[in-house]
Amino acid sequence: MSCGLVLLLLFPKFCNAQNSTQFTTHDVEAAYLYNFAKFVQWPDDKSTSSQQFSICLLGDDEFGRKLDELIADETLQGRKIVARRLSSASAAESCQIVFIGQSEEARLSKHLAALTMKPVLTVSALPQFLEHGGTIQFLFQNNRVRFAVNLASAQQAGLTLSSELLKVAVFVEGTAGKESKQ
Amino acid sequence: MSPANPAFWSRSMVHERTVAKQVLGHLVASGLLWLVSVSASGAANASSQPDQLKSLSLEELGNVEVTTVSKVPEAVWQTPAAVYVLTRDDIRRSGATTLPDLLRTVPGVDVAELQGNQWAVGIRGFNSAFSKDVLLLIDGRSTYTPLFEGVYWDVQDVLLDDVERIEIIRGPGGTIWGANAVNGVINIVTRNARDTLGTLASGSSGYVDRFNGSVREGLRHGDHLQFRLFAKGLVREDEQNVNNDRYDTWHLVHGGFRADWNPSKQDSFTAQADAYSGASGQQISIGSYAPLKQLVIDDTFSISGGDIVLNWQHSYAGGSDLHIHAYFDRTNRQGTEFGETRNTVDFDFIDHINMFLRQNLIWGAGMRFSPSTIIQTQPTVNFAPHGKTDSIYSTFLQDSFRLLPRSLALTVGSKFEYNNYTGIEIQPNARLLWNPVSHAALWAAVSRAVRTPGRLDRDLQLTDVYTIAPPILVRILGSPNFKSEDLLGYEAGYRQLLTNKLYADLAAFKNHYDKLESYGTQSFGTITTPIEGEVLNIPFANGIDGNTDGVEIAPDWKPTGWWELKGNFSHLHLDAHPRPGFSDTETATSYEGSSPHRMATLQSQLNLPHRAEFDFDYRFVSRLPAQMVERFQTMDAHASWLLDKSLRFTVSGRNMLQPHHHEFAGDNDLPVGIRRSVYGGITWTR
């Protein structure tokens, strides 16, 4: 009962909304980025080349410390998960996941071209991200953050996405027959 | 010279105001105070815990409801009132160590420190040393004291890390909260015990805030019962007193617990308790008969008390729910000047029913008994009778319904309250809310609210020595005819999410006040005991009408994920004048000159690499001629660094722009200099 009597009384709606802890889209997106790591398999050479598992952010930082706090002290298969802010896509060599921010809309094609064929999971909330060759696109639906997948891009990057991830995706592009769940 | 002498009378007429003012000054300095002064929406921070999300599955993540913008809870679009919320982040990042200091960045809220342990907190005008037009609630427990008709801020102490949020509603709140929520309501909501599991220990030390320390342990028993225990202490130094008397020190120790029990999905119980003890220093001026003179002494009030709060919420299918809320509160104050012991018992129930046609009906009833005893320690300071029970019986009904299915809602309701001073008081309101598009809200409201009399207005008997030879006394007297002060308020506001990164909130108000407190007709008399002499009797009266109007603008801009800028600007116009048949222009002038006409703040919150934060806030307050306070600007700065998940270092500076500045005199002769303060602190959690 985190709802105060005061606002409940005057404005019951205020409280209904306050009853649940409120998360922002970025809170949830950060949690997804962390979670994706567990459901994606990177090519072997990539996964053993570094002691770190890097989630990289391209463009203006939308997460602030949220992502850093989320992954602080977390490891994946013995590798420490770190967040890095990139100045350009060419610095993404040692990244496992690259999140492309809202500020990069104009440069999206350029970034994706630089990352293509590299073993990197590209993620963004930019519209048309999958059409441009991105792998996972966040979608905002009904006050919830969901995601869609371009399987062809994943295969190009040499990534294997688990069936669990594909099952949860709102839709999956780039498979034979354009399998779609919605 | 006798009062029959015309020369005396003319002199007396000139000086009586001054005398009364001095007399009141004593009251103020002593903590007995009263009169007056002024002035408030916003983006509320979502207190998120990303860590909680980490353990969710992908599927669960897809079902987490999010706020569409980082800072604005969806609820503000459904709220037809000027509401602002301070979140946990705001509280921690403010660096404030006291509740009033936390409120300084809230739009339209006027926080003025009188001295190291006293604050005047006003919303939309008529501020006073006891914040008498503002109702402060802590977890639903009213902190209003009927003796001085306001808040003893020196005993309103919470462990700030336990606070979930602070909701500030500007404007009349009488329909729900009853009498004395005339200009606004401040509601402190503490965290559920399930959110405070583990250990916390924190300490800080510095100038002015010499020591603050707290420990807390949160435990659970099974999945449904959690509780926490805490203890805290504070030692505050004196501010810059006029003659370096160092009288306004303050210390307090405080312990308590909170238990939350959820035996089923439908029921939640909360039990809380607090106990505190400390001392609060003041300089007071007391009339003395033997020897006959006016004494100025440094006094220390022993302050102690506690409370027990019980709360039960039951949810029915279909979104209806029932709340039952009860508390006991004990307050003790004892000084050289006077003492008071008060026990308050309060019981409320509230039923919230979701009805057909999308109606939200809320009704409730409550009662409060508050017996108090005055311990008279000076023959010149008294409340008569010594013992009195303040009581309230109330009921209210409010319904919200949709005029258009999605975009237009009307809320109407009224409080009906019986009190032992003025009988029945009716406090209705009507509120209209229109959402032209999503993430925009236009609202308007009309409300009536009252401030009911308290013991000061009715029962005070305060005697001061005006001259020794010939012996002339001045008596300020409570009046048995003192009535409620009335407010009829009109408000409107607009809030919109202008872009993904920019939110703005605007509110405007026009309030009409009737029967405000003033001095009434004075009379001369003679006394023979305990001394022989003349006495000028000055009773309280409802001799002033007033008007206020103003606007409050509060933008919130988040240019990047790591930087947030919040600003606000408040303008207030306050006009007060004697009612027909009264002539107390001086108190009217005091009302007018005790509230800032303009206030502005700019707040910056910056997230730096390595989990460091740097924040500052700048504020400007215009002059208060009746308080002998010039306009001032100052700045607070706060830096913190989270070393690892469990250790945080903090450095905080307040009032940085000058060694000291004045904020409020409280009708005292000279205001106290509020000093620059700096402290360093460390917080450990596990």
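All figures in this text were calculated on a predicted structure; none of them were measured in a lab.

What about the overall build of chain B?
For step 1, the next point in the chain: Helix and strand counts for chain B come out as 8 helices and 38 strands.
For step 2, the next point in the chain: With respect to the three principal axes, the spread of C-alpha positions in chain B is 90 × 55 × 45 Å.
For step 3, the next point in the chain: The buried share among the 686 residues of chain B stands at 62%.
For step 4, the next point in the chain: As displayed, chain B offers around 24500 Å² of accessible surface, 61% of which is attributable to carbon and sulfur atoms.
For step 5, the next point in the chain: Of the side chains in chain B, 60 bear a positive and 75 a negative charge, and the two mean positions are spaced by 3 Å.

Section: the nonpolar core
For step 1, the next point in the chain: With 57 residues, the main nonpolar core has L103, I166, I168 and I186 of chain B as its most contacted residues.
For step 2, the next point in the chain: In this structure, V40, L70 and I71 of chain A together with L58 of chain B belong to the second largest nonpolar core, which totals 46 residues.

Describing the environment of W563 of chain B
Residue and element names in this part refer to chain B.
For step 1, the next point in the chain: Counting through the fold element by element, W563 comes out in strand β31 (residues 563-578).
For step 2, the next point in the chain: Along the primary structure W563 and T634 are separated by 71 residues, whereas in three dimensions their C-alpha atoms are 21 Å apart.
For step 3, the next point in the chain: Once residues within four sequence positions are removed from consideration, W563 is found in contact with W557, K558, S604, Q605 and L606.
For step 4, the next point in the chain: Of note is the side chain of W563, whose polar atom sits 3.0 Å from the side chain of S604.

Some remarks on a nonpolar patch on the surface
Residues and elements named next belong to chain B.
For step 1, the next point in the chain: Where nonpolar side chains cluster on the molecular surface, the patch consists of I308, L310, F328, V345, F347, M367, F369, Y393, F416, Y418, I424 and I426 and spans about 1100 Å² of accessible area.
For step 2, the next point in the chain: Contributions of two or more residues to the nonpolar patch are made by β16 (293-315), β18 (338-355), β19 (359-376), β22 (408-419) and β23 (423-434).
For step 3, the next point in the chain: Looking at the element boundaries, I424 is found in strand β23.

Points about the pairing of strand β4 (residues 118-123) of chain B
In the case of a regular strand, side chains alternate between the two sheet surfaces.
Residues and elements named next belong to chain B.
For step 1, the next point in the chain: With respect to burial, β4 is a largely interior element, 6 of its 6 residues being buried.
For step 2, the next point in the chain: Here β4 shows a buried face lined by Q118, A120 and G122 and a second buried face lined by W119, V121 and I123.
For step 3, the next point in the chain: Note that strand β3 (residues 109-115) and β4 share 6 bridges and pair antiparallel. Bridging across to β4, V111 finds its partner in V121.

Describing unusual backbone geometry
If a residue is not glycine, its phi is most likely negative; likewise, a peptide bond is most likely trans.
Residues and elements named next belong to chain B.
For step 1, the next point in the chain: The peptide bond linking A290 to P291 adopts the cis configuration, its omega dihedral lying at 0°.
For step 2, the next point in the chain: Relative to the helices and strands, P291 resides in the loop between β15 (267-288) and β16.
For step 3, the next point in the chain: With an omega of 5°, the peptide bond between T529 and P530 qualifies as cis.
For step 4, the next point in the chain: The phi dihedral of R124 is positive, around 55°, even though this residue is not glycine.
For step 5, the next point in the chain: Exposure remark for R124: the relative accessible area of 1% places this residue in the buried category.
For step 6, the next point in the chain: In the Ramachandran plot, H610 falls in the positive-phi region, its phi being about 60° despite a non-glycine side chain.
For step 7, the next point in the chain: Along the chain, H610 turns up in the loop between β32 (598-608) and β33 (612-621).

Re the sheet that holds strand β11 (residues 172-173) of chain A
Residue and element names in this part refer to chain A.
For step 1, the next point in the chain: In space, the 8 strands of this open sheet follow the order β4-β5-β3-β6-β7-β8-β9-β11, with mixed pairing throughout. The two strands at the open ends of the sheet, each matched to only one other strand, are β4 (75-76) and β11.
For step 2, the next point in the chain: Taken together, the 4 bridges between strand β6 (residues 97-100) and strand β7 (residues 121-124) define a ladder with parallel strand orientation. Of the residues in β7, the one forming a bridge with I97 is L121.
For step 3, the next point in the chain: Contacting β3 (52-58), β4, β5 (79-86), β6, β7, β8 (136-141) and β9 (144-150), helix α3 (residues 25-39) crosses the sheet at an angle of about 40° to β9.
For step 4, the next point in the chain: Helix α6 (residues 108-115) rests against β3, β6 and β7 of the sheet, and its axis sits at about 170° to β6.

Here we look at the environment of L165 of chain A
For step 1, the next point in the chain: Tracing the backbone shows L165 of chain A in helix α8 (residues 163-168).
For step 2, the next point in the chain: With relative accessibility at 0%, the residue L165 of chain A sits in the buried group.
For step 3, the next point in the chain: In sequence terms L165 of chain A and A91 of chain A are 74 residues apart; their C-alpha atoms lie 27 Å from each other.
For step 4, the next point in the chain: Discounting chain neighbours no more than four positions away, the residues touching L165 of chain A are F36, F39, V40, I136, F147 and V149 of chain A together with L58 of chain B.

Concerning the sheet that holds strand β10 (residues 184-190) of chain B
Residues and elements named next belong to chain B.
For step 1, the next point in the chain: Spatially, 5 strands are ordered β2-β9-β10-β5-β6 in an open sheet, and the strand pairing comes out mixed. The outermost strands of the open sheet, each flanked by one partner alone, are β2 (82-87) and β6 (141-142).
For step 2, the next point in the chain: Summarising the sheet, β2 and strand β9 (residues 163-170) pair through 6 bridges and their orientation is antiparallel. Bridge pairing in β9 places A82 opposite R170.

Here's the deal with the pattern of salt bridges
One side chain can pair with another of opposite charge once the charged atoms of both are near each other.
All names here are of chain B.
For step 1, the next point in the chain: Applying the stated rule across the entire model yields 52 salt bridges over all chains.
For step 2, the next point in the chain: A salt bridge links R236 to E239; the shortest N-O distance between them is 3.8 Å.
For step 3, the next point in the chain: The exposure class of R236 is buried, given its relative accessible area of 5%.
For step 4, the next point in the chain: When its relative accessible area of 3% is taken as the criterion, E239 is described as buried.
For step 5, the next point in the chain: As a salt-bridge pair, D457 and R451 come within 3.4 Å of each other at their nearest N and O atoms.

Description of α6 of chain A
All names here are of chain A.
For step 1, the next point in the chain: Inspection of α6 places L108, H111, L112 and L115 among the buried residues, and these make up the whole buried set. Seen end-on, α6 carries its buried residues on one side only, within an arc spanning 95°. Turned more than 90 degrees away from the buried face of α6 sit K110 and A113, all of them exposed.
For step 2, the next point in the chain: In this fold, the buried residues of α6 make contact with β3, β6 and β7.
For step 3, the next point in the chain: Within two residues after α6, M117 carries a phi angle of roughly 70°, on the positive side.

Here we look at the state of the cysteines
Covalently bonding the sulfur atom of one cysteine to the sulfur atom of another cysteine gives a disulfide.
All names here are of chain A.
For step 1, the next point in the chain: Scanning the model with the defined rule gives 1 disulfide over all chains in all.
For step 2, the next point in the chain: Note that C56 is cross-linked by a disulfide to C95, the S-S spacing being 2.0 Å. Taking the sign of the S-S torsion, about -90° here, the bridge from C56 to C95 comes out left-handed. Taken together, the residues span a long stretch of sequence, with C56 in strand β3 and C95 in the loop between β5 and β6 at a distance of 39 residues. By the burial criterion, C56 is buried, and C95 matches it.

Brief notes about the side chain of T587 of chain B
For step 1, the next point in the chain: In this fold, T587 of chain B is placed in helix α8 (residues 585-592).
For step 2, the next point in the chain: One polar contact links T587 of chain B to D584 of chain B, side chain to side chain, over a distance of 2.5 Å.

Points about the pairing of β9 of chain B
All names here are of chain B.
For step 1, the next point in the chain: Counting buried residues in β9 gives 8 out of 8 residues, a clear majority hidden from the surface.
For step 2, the next point in the chain: Of the strand pairs in this sheet, β9 and β10 are connected by 7 bridges, and their pairing is antiparallel. Within the sheet, the bridge partner assigned to I168 lies in β10 and is I186.

Some remarks on the packing of aromatic side chains
For step 1, the next point in the chain: With the rule as written, the count across this model stands at 25 aromatic pairs over all chains.
For step 2, the next point in the chain: Seen in terms of ring centroids, W42 of chain A and F53 of chain A are 5.2 Å apart; in terms of plane orientation they differ by 85°. Their pairing is edge-to-face. A residue pair is termed long-range when its members are at least 10 positions apart, and W42 of chain A in the loop between β2 (40-41) and α4 (44-48) and F53 of chain A in strand β3 qualify at 11 residues. Each member of the pair, W42 of chain A as well as F53 of chain A, carries the same accessibility label: buried.
For step 3, the next point in the chain: Taking 5.8 Å as the distance between ring centres and 65° as the angle between the ring planes, the aromatic pair formed by W119 of chain B and W250 of chain B counts as edge-to-face. Remark: W250 of chain B occurs in strand β14 (residues 250-261) and W119 of chain B occurs in strand β4; sequence separation between them is 131 residues. Taken individually, W119 of chain B and W250 of chain B each receive the classification buried, so the pair is uniform in this respect.
For step 4, the next point in the chain: Here a set of aromatic residues connected by ring pairs shows up, and it is made of Y32, F36, F63, F99, F138 and F147 of chain A.
For step 5, the next point in the chain: If you follow R333 of chain B out to its NZ or CZ, it ends over the ring of Y152 of chain B, 3.9 Å from the centre.

Description of α8 of chain B
For step 1, the next point in the chain: Inspection of α8 of chain B places T587, A588, S590 and Y591 of chain B among the buried residues, and these make up the whole buried set. All buried residues of α8 of chain B fall inside an arc of 160° around its axis, so they share one side.

About the thresholds
- Residues numbered from 1 in each chain as written.
- Chains lettered and ligands numbered in written order.
- Predicted model: local features only at pLDDT ≥ 70, side-chain atom pairs only at ≥ 80, totals over all residues.
- Heavy atoms only, no water.
- Helix = DSSP H or I, 4+ residues; strand = E, 2+ residues; numbered from the N terminus.
- Buried < 20%, exposed > 50% of the residue type's maximum accessible area, 1.4 Å probe, protein only.
- Areas by Shrake-Rupley, 256 points an atom, 1.4 Å probe, with all protein chains shown as cover.
- Lys, Arg positive; Asp, Glu negative; His and termini not counted.
- Charge placed at Lys NZ, Arg CZ, Asp CG, Glu CD.
- Core = buried A, V, L, I, M, F, W, Y, C linked by side-chain atoms within 4.5 Å.
- Contact = heavy atoms within 4.5 Å.
- Polar contact = N/O pair within 3.5 Å; in protein donor to acceptor, adjacent residues only side chain to side chain.
- Patch = residues over 30% accessible without salt bridge, like charges linked within 9 Å, V, L, I, M, F, W, Y side chains within 5 Å.
- Salt bridge = Lys/Arg side-chain N within 4 Å of Asp/Glu carboxyl O.
- Pairing = 2+ DSSP bridges.
- Axes fitted to C-alpha atoms, helices over the stretch in contact; angles between N-to-C directions.
- Arc of directions from axis to C-beta.
- Disulfide = S-S within 2.5 Å.
- Phe/Tyr/Trp six-rings, centres within 6.5 Å; stacked < 30°, edge-to-face > 60°.
- Lys NZ or Arg CZ within 6 Å of the ring centre and 35° of its normal.

Note that every value here comes from positions in space, so none of it alone points to a role or purpose.
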